[in-house]
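Structural description and commentary
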Amino acid sequence: MIDAPISDPAHAFEVLLEGNQRFVAGTPAHPNQDAYRRAAQAPAQTPFAVLFGCADSRLAAEIIFDRGIGDLFVVRTAGHVLGPEVLGSIEYGISMLDCRLVAVLGHDSCGAVAATTQALQDGLTPTGYVRDVVERVTPSVLAAHAAGLEDPDDIVDEHIRHTVNLLLDRSRVLAERVEAGHTALVGLSYKLAEGGVRTVAAHGIDVPVHPA
(Lines give C-alpha, C1' and ligand atoms only; values in the text may rest on other atoms or scores of the structure.)
Protein backbone atom coordinates (compact mmCIF):
# COMPACT_ATOMS: atom_id res chain seq x y z
CA MET A 1 0.00 0.00 0.00
CA ILE A 2 3.05 2.26 0.31
CA ASP A 3 5.31 2.00 -2.72
CA ALA A 4 7.27 5.21 -2.20
CA PRO A 5 8.67 6.88 0.93
CA ILE A 6 6.30 9.27 2.67
CA SER A 7 7.82 12.73 2.87
CA ASP A 8 4.93 14.61 4.50
CA PRO A 9 4.03 14.38 8.21
CA ALA A 10 0.30 14.83 7.54
CA HIS A 11 0.32 11.98 5.02
CA ALA A 12 2.21 9.75 7.45
CA PHE A 13 -0.41 10.42 10.12
CA GLU A 14 -3.22 9.76 7.65
CA VAL A 15 -1.73 6.41 6.66
CA LEU A 16 -1.36 5.44 10.32
CA LEU A 17 -5.00 6.27 11.12
CA GLU A 18 -6.31 4.55 7.99
CA GLY A 19 -4.57 1.37 9.06
CA ASN A 20 -6.12 1.60 12.52
CA GLN A 21 -9.56 2.11 11.01
CA ARG A 22 -9.13 -1.08 8.98
CA PHE A 23 -8.09 -2.92 12.14
CA VAL A 24 -11.14 -1.69 14.06
CA ALA A 25 -13.45 -2.65 11.20
CA GLY A 26 -11.95 -6.13 11.01
CA THR A 27 -10.82 -5.60 7.40
CA PRO A 28 -7.01 -5.46 7.60
CA ALA A 29 -5.13 -5.31 4.32
CA HIS A 30 -1.89 -6.74 5.78
CA PRO A 31 0.30 -4.52 3.57
CA ASN A 32 4.02 -5.07 3.13
CA GLN A 33 4.00 -8.49 4.78
CA ASP A 34 5.00 -10.69 1.82
CA ALA A 35 8.27 -12.17 0.62
CA TYR A 36 8.83 -9.32 -1.83
CA ARG A 37 8.66 -6.71 0.93
CA ARG A 38 10.93 -8.81 3.14
CA ALA A 39 13.57 -8.96 0.43
CA ALA A 40 13.17 -5.31 -0.53
CA GLN A 41 13.73 -4.11 3.04
CA ALA A 42 16.70 -6.38 3.75
CA PRO A 43 19.37 -3.94 2.43
CA ALA A 44 17.91 -0.89 4.23
CA GLN A 45 14.79 -0.06 6.22
CA THR A 46 12.46 2.78 5.22
CA PRO A 47 9.95 3.35 8.04
CA PHE A 48 7.65 6.34 7.72
CA ALA A 49 6.92 6.71 11.45
CA VAL A 50 8.46 6.16 14.86
CA LEU A 51 5.99 4.48 17.21
CA PHE A 52 6.90 4.94 20.88
CA GLY A 53 4.42 2.91 22.87
CA CYS A 54 3.74 1.10 26.08
CA ALA A 55 5.23 -2.39 26.24
CA ASP A 56 1.80 -3.88 27.04
CA SER A 57 1.43 -7.13 25.07
CA ARG A 58 -1.90 -5.93 23.64
CA LEU A 59 -0.28 -2.97 21.84
CA ALA A 60 1.34 -4.74 18.90
CA ALA A 61 1.91 -1.68 16.73
CA GLU A 62 2.09 -3.29 13.28
CA ILE A 63 -1.17 -5.15 13.98
CA ILE A 64 -3.31 -2.35 15.38
CA PHE A 65 -2.16 0.04 12.64
CA ASP A 66 -2.30 -2.64 9.91
CA ARG A 67 1.25 -2.12 8.70
CA GLY A 68 4.07 -4.41 7.63
CA ILE A 69 7.81 -4.95 7.42
CA GLY A 70 9.81 -1.74 7.40
CA ASP A 71 6.83 0.59 7.94
CA LEU A 72 7.20 1.46 11.63
CA PHE A 73 10.27 2.03 13.78
CA VAL A 74 8.93 0.76 17.10
CA VAL A 75 10.25 1.63 20.57
CA ARG A 76 8.39 0.31 23.61
CA THR A 77 8.78 0.52 27.40
CA ALA A 78 6.41 -0.13 30.29
CA GLY A 79 4.19 2.95 30.59
CA HIS A 80 6.09 4.51 27.65
CA VAL A 81 8.58 5.95 30.15
CA LEU A 82 11.57 7.87 28.81
CA GLY A 83 15.26 7.18 29.28
CA PRO A 84 18.45 7.90 27.30
CA GLU A 85 18.04 4.72 25.23
CA VAL A 86 14.52 5.70 24.22
CA LEU A 87 15.54 9.24 23.29
CA GLY A 88 18.48 7.92 21.29
CA SER A 89 16.28 5.42 19.49
CA ILE A 90 13.70 8.05 18.58
CA GLU A 91 16.37 10.46 17.39
CA TYR A 92 17.85 7.68 15.28
CA GLY A 93 14.46 7.11 13.70
CA ILE A 94 13.97 10.72 12.71
CA SER A 95 17.53 11.76 11.89
CA MET A 96 19.00 8.59 10.37
CA LEU A 97 15.87 6.96 8.96
CA ASP A 98 14.07 10.23 8.14
CA CYS A 99 10.76 9.26 9.76
CA ARG A 100 8.27 12.11 9.35
CA LEU A 101 6.05 11.19 12.29
CA VAL A 102 6.62 10.29 15.94
CA ALA A 103 3.59 8.83 17.70
CA VAL A 104 3.41 8.21 21.45
CA LEU A 105 0.94 5.39 22.10
CA GLY A 106 -0.70 4.91 25.48
CA HIS A 107 -3.80 2.95 26.39
CA ASP A 108 -6.60 2.46 28.88
CA SER A 109 -6.11 0.07 31.81
CA CYS A 110 -2.39 0.86 31.77
CA GLY A 111 -0.66 -1.18 34.47
CA ALA A 112 2.11 1.38 34.95
CA VAL A 113 -0.36 4.20 35.53
CA ALA A 114 -2.48 2.03 37.84
CA ALA A 115 0.58 0.96 39.85
CA THR A 116 1.69 4.57 40.21
CA THR A 117 -1.75 5.73 41.27
CA GLN A 118 -1.87 2.97 43.88
CA ALA A 119 1.64 3.74 45.11
CA LEU A 120 0.70 7.39 45.64
CA GLN A 121 -2.43 6.36 47.52
CA ASP A 122 -0.84 3.91 49.95
CA GLY A 123 2.67 5.34 50.07
CA LEU A 124 4.26 2.03 49.08
CA THR A 125 6.39 1.73 45.95
CA PRO A 126 7.29 -1.51 44.15
CA THR A 127 10.74 -3.02 44.51
CA GLY A 128 13.40 -3.58 41.87
CA TYR A 129 13.37 -1.67 38.62
CA VAL A 130 9.57 -1.52 38.58
CA ARG A 131 10.08 1.25 41.11
CA ASP A 132 11.92 3.24 38.45
CA VAL A 133 8.93 2.94 36.11
CA VAL A 134 6.57 4.14 38.85
CA GLU A 135 8.83 7.09 39.68
CA ARG A 136 8.87 8.16 36.02
CA VAL A 137 5.08 7.98 35.74
CA THR A 138 4.53 9.81 39.06
CA PRO A 139 4.78 13.38 37.65
CA SER A 140 1.97 12.62 35.19
CA VAL A 141 -0.33 11.24 37.87
CA LEU A 142 0.41 14.13 40.21
CA ALA A 143 -0.30 16.63 37.42
CA ALA A 144 -3.59 14.89 36.67
CA HIS A 145 -4.64 15.01 40.31
CA ALA A 146 -3.63 18.67 40.56
CA ALA A 147 -5.92 19.38 37.60
CA GLY A 148 -8.78 17.58 39.33
CA LEU A 149 -8.63 14.52 37.08
CA GLU A 150 -9.54 11.26 38.79
CA ASP A 151 -10.95 9.10 35.98
CA PRO A 152 -8.32 6.51 34.93
CA ASP A 153 -8.73 7.37 31.23
CA ASP A 154 -8.16 11.06 31.96
CA ILE A 155 -5.02 10.20 33.92
CA VAL A 156 -3.74 8.06 31.03
CA ASP A 157 -4.36 10.95 28.64
CA GLU A 158 -2.40 13.27 30.93
CA HIS A 159 0.47 10.78 31.00
CA ILE A 160 0.50 10.64 27.20
CA ARG A 161 0.57 14.44 26.98
CA HIS A 162 3.33 14.54 29.59
CA THR A 163 5.41 12.08 27.57
CA VAL A 164 4.91 14.13 24.40
CA ASN A 165 6.02 17.29 26.21
CA LEU A 166 9.04 15.53 27.70
CA LEU A 167 10.13 14.42 24.24
CA LEU A 168 10.02 17.99 22.96
CA ASP A 169 11.80 19.28 26.05
CA ARG A 170 14.58 16.69 26.17
CA SER A 171 15.28 16.11 22.49
CA ARG A 172 16.58 19.17 20.69
CA VAL A 173 16.79 17.09 17.51
CA LEU A 174 13.07 16.33 17.63
CA ALA A 175 12.04 19.83 18.71
CA GLU A 176 13.96 21.44 15.85
CA ARG A 177 12.49 19.07 13.25
CA VAL A 178 8.98 19.68 14.56
CA GLU A 179 9.51 23.44 14.50
CA ALA A 180 10.82 23.20 10.93
CA GLY A 181 7.76 21.24 9.84
CA HIS A 182 9.88 18.24 8.91
CA THR A 183 8.44 15.92 11.53
CA ALA A 184 5.17 15.83 13.47
CA LEU A 185 4.70 14.56 17.02
CA VAL A 186 1.38 13.17 18.20
CA GLY A 187 0.04 11.47 21.32
CA LEU A 188 -2.47 8.67 20.81
CA SER A 189 -4.68 6.86 23.32
CA TYR A 190 -5.71 3.31 22.44
CA LYS A 191 -8.85 1.52 23.67
CA LEU A 192 -8.09 -2.12 24.31
CA ALA A 193 -11.61 -3.48 23.75
CA GLU A 194 -12.57 -1.38 20.74
CA GLY A 195 -9.14 -1.23 19.09
CA GLY A 196 -9.34 2.44 18.09
CA VAL A 197 -7.06 5.38 18.85
CA ARG A 198 -7.78 8.98 19.83
CA THR A 199 -5.42 11.89 19.30
CA VAL A 200 -4.79 13.61 22.63
CA ALA A 201 -1.81 15.78 21.67
CA ALA A 202 -0.33 17.08 18.42
CA HIS A 203 2.64 19.23 17.46
CA GLY A 204 3.72 20.11 13.95
CA ILE A 205 0.46 18.93 12.44
CA ASP A 206 -3.05 20.39 12.38
CA VAL A 207 -5.37 17.59 13.55
CA PRO A 208 -8.30 17.48 15.98
CA VAL A 209 -7.50 16.55 19.58
CA HIS A 210 -10.09 14.45 21.39
CA PRO A 211 -10.41 14.28 25.18
CA ALA A 212 -11.40 11.04 26.94
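Everything below is about the structure printed above this text.
A short tour of the structure in this document, coming up. (Residues numbered from 1 in each chain as written. Predicted model: local features only at pLDDT ≥ 70, side-chain atom pairs only at ≥ 80, totals over all residues. Heavy atoms only, no water.)

Section: unusual backbone geometry
The backbone phi angle of H80 is positive, close to 40°, even though this residue is not glycine. Tracing the backbone shows H80 in the loop between β2 (72-77) and α4 (84-95). Despite not being glycine, S109 shows a phi value in the positive range, around 55°. One can find S109 in the loop between β3 (101-107) and α5 (111-122). S109 gets classed as exposed once you look at its relative accessible area, which sits at 55%. (Helix = DSSP H or I, 4+ residues; strand = E, 2+ residues; numbered from the N terminus. Buried < 20%, exposed > 50% of the residue type's maximum accessible area, 1.4 Å probe, protein only.)

Let's talk about the sheet that holds strand β1 (residues 49-54)
Taking strand neighbours across the sheet as the criterion, the 5 strands line up as β2-β1-β3-β4-β5 in an open arrangement whose pairing is mixed. Every interior strand has two partners, whereas the edge strands, β2 and β5 (197-203), have only one. Here the average twist between neighbouring strands, direction ignored, is 20°. Helix-sheet contacts for helix α7 (residues 152-170) involve β1, β3, β4 (184-190) and β5, and the interaxial angle to β4 is about 160°. (Pairing = 2+ DSSP bridges. Axes fitted to C-alpha atoms, helices over the stretch in contact; angles between N-to-C directions. Contact = heavy atoms within 4.5 Å.)

Observations regarding the packing of aromatic side chains
For any pair of aromatic rings, the description consists of the separation of the ring centres together with the inter-plane angle of the planes. With the rule as written, the count across this model stands at 1 aromatic pair. Aromatic side chains F73 and Y92 sit 5.9 Å apart centroid to centroid with 35° between the ring planes, which places their arrangement in the tilted category. Of this pair, F73 sits in strand β2 while Y92 is found in helix α4, placing the two residues 19 residues apart along the sequence. A relative accessible area of 16% places F73 in the buried class. Here Y92 falls in the partly exposed class, since its relative accessible area comes to 39%. (Phe/Tyr/Trp six-rings, centres within 6.5 Å; stacked < 30°, edge-to-face > 60°.)

Overview of the pattern of salt bridges
A full pass over the atoms with the stated rule returns 12 salt bridges. Between E135 and R131 there is a salt bridge, and its shortest N-O distance comes to 3.1 Å. Here E135 pairs with R131, and both are found in helix α6 (residues 130-146), just 4 residues apart, close to one helical turn. Among the residues examined, E135 registers a relative accessible area of 43% and is labelled partly exposed. Residue D132 is joined to R136 by a salt bridge in which the shortest nitrogen-to-oxygen separation is 2.8 Å. Here D132 pairs with R136, and both are found in helix α6, just 4 residues apart, close to one helical turn. A relative accessible area of 33% places R136 in the partly exposed class. (Salt bridge = Lys/Arg side-chain N within 4 Å of Asp/Glu carboxyl O.)

Structural notes on the side chain of H80
Taking relative accessible area as the criterion, H80 reaches 2% and is therefore assigned buried. Here T163 takes part through its side chain, which lies 3.0 Å from a polar atom of the side chain of H80. (Polar contact = N/O pair within 3.5 Å; in protein donor to acceptor, adjacent residues only side chain to side chain.)

Things to note about the nonpolar core
By size, the foremost hydrophobic cluster in this structure holds 56 residues, and its most contacted members are L105, L167 and L188. Ranked by residues supplied to this core, first place goes to α7 with 6 residues. (Core = buried A, V, L, I, M, F, W, Y, C linked by side-chain atoms within 4.5 Å.)

Here's the deal with the environment of E18
Take E18: it is sitting in helix α1 (residues 9-25). Take E18: its relative accessible area is 34%, and that puts it in the partly exposed class.

What to know about the environment of I63
If you trace the backbone, I63 turns up in helix α3 (residues 61-64). Each C-alpha atom, one on I63 and one on G106, is 15 Å from the other, the two residues being 43 residues apart in sequence.

Remarks on the packing of α4 against helix α8 (residues 172-179)
Contact geometry for α4 and α8: axes closest at 9 Å, N-to-C directions at 35°. Every pair of crossing elements has a handedness; the one defined by α4 and α8 is left-handed. Contact residues: α4 offers E91, I94 and S95, while α8 offers R172, V173, L174 and R177. Considering only residue class, the contact of α4 with α8 consists of 3 nonpolar, 1 polar and 3 charged. (Left-handed = near helix turned anticlockwise from the far one by under 90°. Nonpolar A, V, L, I, M, F, W, Y, C, P; charged D, E, K, R; others polar.)

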